[in-house]
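So you can see what is in the structure, the chains are spelled out below.
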Amino acid sequence: MIAKTLGLALAAALLPAAPPPPTGLHECATATTRCDGSIEVPLNWESPSSERISVAFTFIPAKNADGTVAANRGGPQPALPEIPTIQQVLGPVLDRKNLLVMDPRGMGKSSPLLCPGADPFKPATIAACARNVGPRGAYFTADQASHDLDAVRRALGLGKMSYFGNSYGTLYAQAYAARYPDSLDAVFLDSSMVIGGDGYVDRRFDARLDYLDLVCGRSKACDALPGEASGTWTRLVDRLRKRPDPEVTLHQALTLREPAEAVLGRENVAAAHAYLNGDPAPLRRLARLTPNAIPPFDPPWLAGHVAFRCGDGSFPFDRLASAAERQAQAERHYERERPMAPFRPTDVFATDAIAAQEWCVNWPTPRHSPPLPRGKALPSLPILVVAGDFDVERPAEVARSLRVFPNATVIRIPFGIHAQSFLPSPMGECIRGMLRTFLTTKRVVDRKCTGENYRAVGAFPRELRDVAPHPAGELSPSRRRILAAAFATAADATARRNPHAFYYFGRPSEPGLRGGQVTFGQDITLDEVRFVRDLKVSGRVALTPDGHANATLTAETGGRTHEVTLSWTAFSTRQSVSGTFDGTPFE
C-alpha cells in the first residue's frame, strides 16, 4: 500500500507543472454582452518559450452570474459555430451562468491546421497532410487544449466553472478535470468517450450486433423469430457476400444493422429474416434510406480533427512505429481478431481498406500525450454522465471508464443514442432537464429518460392470409383479419414519423411496401398503399404533438371496400387500438 502511494506521488510529480497565470486580464473579462476574443499560448505548454499560437473563444456573460459553464459539443471540430445550439440546450441555465466556448487549437479560429484536398478515406492524402503539418501536429491534442482552456479562464478572471461536454467534448472535459480539478465544480457528460488504462481513448471497431439482440429481446414478436437476432444478421451478411444484391450492398447492411434510427430498429431484424426466406421487399425498402458508399469527409478543419484523433487515441498498432509497420500491425490485427465480424474492412472501403479504416496509420504520434495522465489521483468533483444503449460506447463500457473519477454517476438511457441532449424529442427534453438541474444545483436527479418508444416487429406478411386476426370479438374472423392488416398498414406508415426516425426528417414521401404511395405532410396520406399484396389502404392519419394517431381509411380487397377508423398511441411500447369497422365499434 505504501509503495502504491509513493508510486502515485512520483507519477504526479513527473507531470508538468501548471502554467503560470496570464499577465493581466483580457478585455472580455469586463464585458457585459457577448465578447469574442483570443489569447496567445505556447504551441507546447511544457516548453513556454515554444512557438506561440492563437486560441479563440467566445464569452457570453449573464446578468448577476453565479458561475460559468464551459461547453464543447464534440467533433473534434470548431466549437464556436455551435454556440446557438449549445445555448438552446442549456436554456435557463444561462440566465444565471456565463457561457464560455473555445475553438480547440488547430480548428476554426484557433490557429487552424490546413490541408486542402485531404480525405481520411484516401490514405495517401493523410500521409501528405502529415508531411505538410510536420512536427507541430504532435501538439494538437486534448492535453494541450486543457491548458489552453485554463489560460482563457484565468485571462477572464473566472473562478470555478462547470463543464458541459458532448461526444469528443467529454474527452476535453476529462483531460481538463485531470489537470485542473480546482477550476471545476461540476461536469456533465453526454455520449462519453471511453479512456483505456493507458490514458488514451480506446478506439475499437465493432459491428455491435448485440444491439440487435437487445432490441429484439424487448419484443415478443421479434423474439419469437428463430435464433438470435445477431445470428440472423450474420447469416444475412454471409448471403449478401455469396450472392451480391445491387439493392442491398454489404456497405448498406453495415448501416442497416444500427438500431439508433427508430425505423431501422423497429424493422431490420424482421426484414433480414424475410430476406433470408425469399421476401426481399422489406430489407430493400430500408436500404433505399441509406447511402451505398461513404461520402467524402474533407472539411477545412480536417487536419486538426485528425491530429486530435490520432494524438489522443490508442490503436491496433504501436504509436511509435513507422507507417509501414503500423499498416502491417493493423492488417495482422484485423485478420486475427476480425473486430468487425461478420463484416470486413473491404466491405466498406474499396481500396487500401485497413488504412482507410484506421486513419492514423499515416499520422505520426511521436509524443506521449495521454488525455488522462496515468498514475494521477483524479478529483472527486460531481460528474453526471448519460450513456445511451445505442451510442458508440455501451453504457457498461462508459461506467467502467469513468470509475477513475470517484464521484461520477453514470445513468443508462434505454434505447438512447449519440448526442442525446441535443435531440428535438421527448427523450432529448428529458435529458436537458437533468442537465439543467445538475448544472444549476449540482444534484443528480434521474428522470428515467428513455428512447424506448417502439417495439421491433416480428414479421412482414405478404398476403392477408398471413396476417393474424385482430382480437376484436365484435367482428367476424375475415373482417378481423382485414382490420389487422389495415392497422398494420397505417402503423407502418406512421412509424416513419417517430421523433427518432432521423432518416425520415424532411422526407416528403415513400412508396408503400408492396405498392401505392405514402406522403408525409401535416397529416400522413396513404394512396392505395399495399402493406400486404391483396389489400389496398387509402386515407389519412392525423398525429397530435404527443404522438396520438387518428386514422380515417378505406381498405379494399376482393372487390369490396371497407370503411375503417383507428385511434392509437403511435410511439409507445404498448399499443392498443380502437375504432370502427364498417360502422361497428371495436376495442
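Now for a quick tour of the structure.

Criteria and thresholds
Throughout, residues of each chain are indexed from 1 in the direction in which the sequence is written. pLDDT decides what is reported in this predicted model: residues at 70 or higher carry local features, side-chain atom pairs at 80 or more are listed and counted, and totals for whole chains, interfaces and linings draw on all residues regardless. The side-chain quantities take in all heavy atoms of the structure and omit both hydrogens and water. Cavity means a closed set of points on a 1 Å grid over the protein atoms alone, one where a 1.4 Å probe fits but cannot get out, pocket means an open set with protein on both sides within 12 Å along at least 5 of 7 lines, and lining means a residue has an atom within 4 Å of a point. Grid points are joined across faces, edges and corners, and a volume is the space filled by probe spheres set on the points. For the purposes of this entry, the term helix denotes a DSSP run of H or I that reaches at least four residues, the term strand denotes a run of E that reaches at least two, and both are numbered from the N terminus. Side-chain classes follow a simple rule in which Ala, Val, Leu, Ile, Met, Phe, Trp, Tyr, Cys and Pro form the nonpolar group, Asp, Glu, Lys and Arg form the charged group, and the remainder, Gly included, forms the polar group. Whenever a pair of cysteine sulfur atoms sits within 2.5 Å, that pair is classed as a disulfide. Each residue is assigned to one of three classes by its accessible area relative to the maximum for its type, calculated with a 1.4 Å probe on protein chains only: buried under 20%, partly exposed between the two thresholds, exposed over 50%. Stacked, edge-to-face and tilted labels apply to pairs of Phe, Tyr and Trp rings (six-membered ring for Trp) whose centres lie within 6.5 Å, assigned for plane angles under 30 degrees, over 60, and everything in between, in that order. The criterion is that NZ of a Lys, or CZ of an Arg, lies within 6 Å of the ring centre and within 35 degrees of the ring normal, and then a charge sits over that ring.

1. Quick notes on the layout of surface pockets
Here's step 1: Estimates place the volume of the largest pocket at around 1,900 Å³.
Here's step 2: Phe205, Arg257, Glu258, Arg309 and Val392 are the residues nearest the centre of the largest pocket, which is lined by 44 residues in total.
Here's step 3: At the level of secondary structure, the elements contributing two or more residues to the lining of the largest pocket comprise helix H9 (250-256), helix H12 (302-312) and helix H14 (353-357).
Here's step 4: Here the lining of the largest pocket takes 3 residues from H9, the largest share from any one element.
Here's step 5: Within the lining of the largest pocket, the residues separate by chemical class into 24 nonpolar, 9 polar and 11 charged.
Here's step 6: When its volume is computed, the second largest pocket comes out at roughly 1,100 Å³.
Here's step 7: Going through the elements one at a time, helix H7 (220-223), helix H10 (262-276) and helix H17 (477-494) are the ones with two or more residues in the lining of the second largest pocket.
Here's step 8: When residues in the lining of the second largest pocket are grouped by element, the largest group, 6 residues, is from H17.
Here's step 9: Broken down by class, the residue content of the lining of the second largest pocket amounts to 23 nonpolar, 9 polar and 6 charged.

2. Here's the deal with the state of the cysteines
Each disulfide is one covalent bond, formed between the sulfur atoms of two cysteines.
Here's step 1: Inspection of every chain in the model, using the stated rule, returns 5 disulfides.
Here's step 2: With its sulfur 1.9 Å from that of its partner, Cys28 forms a disulfide with Cys35. Since a negative S-S torsion denotes a left-handed disulfide, the Cys28-Cys35 link at about -70° is left-handed.
Here's step 3: Note on Cys28: relative accessible area 0%, which makes it buried.
Here's step 4: Here Cys35 falls in the buried class, since its relative accessible area comes to 13%.
Here's step 5: Between the sulfur atoms of Cys216 and its disulfide mate Cys222 the distance is 1.9 Å. Its S-S torsion of about -100° marks the bond between Cys216 and Cys222 as left-handed, since a negative value means left-handed.
Here's step 6: Since its relative accessible area comes to 2%, Cys222 is described here as buried.
Here's step 7: The connectivity of the disulfide bonds within the protein chain can be written as 1-2, 3-4, 5-6, 7-8, 9-10, using the sequence rank of each bonded cysteine.

3. Points about the packing of aromatic side chains
Here's step 1: Using the criterion set out here, one finds 18 aromatic pairs in the structure.
Here's step 2: Geometrically, the ring pair formed by Phe460 and Phe531 is tilted, given 6.2 Å between the ring centres and 50° between the ring planes. Taken together, the positions of Phe460 in the loop between helix H16 (426-441) and H17 and Phe531 in the loop between strand S13 (524-529) and strand S14 (536-543) put the pair 71 residues apart, joining distant regions of the chain.
Here's step 3: Residue class for Phe460 comes out buried when judged on its relative accessible area of 7%.
Here's step 4: When its relative accessible area of 7% is taken as the criterion, Phe531 is described as buried.
Here's step 5: Judged by centre distance (6.1 Å) and plane angle (75°), the ring pair of Tyr504 and Phe520 falls under edge-to-face. Of the two residues, Tyr504 is situated in the loop between H17 and strand S11 (509-511) and Phe520 in strand S12 (residues 517-520); the sequence distance between them amounts to 16 residues. When sorted by exposure, Tyr504 lands in the same class as Phe520, which is buried.
Here's step 6: In this structure, Arg73 packs its charged tip against the face of Phe422, placed 4.2 Å from the ring centre.
Here's step 7: In this structure, Arg309 is placed above the aromatic ring of Trp359, and the distance from its NZ or CZ to the ring centre is 4.1 Å.

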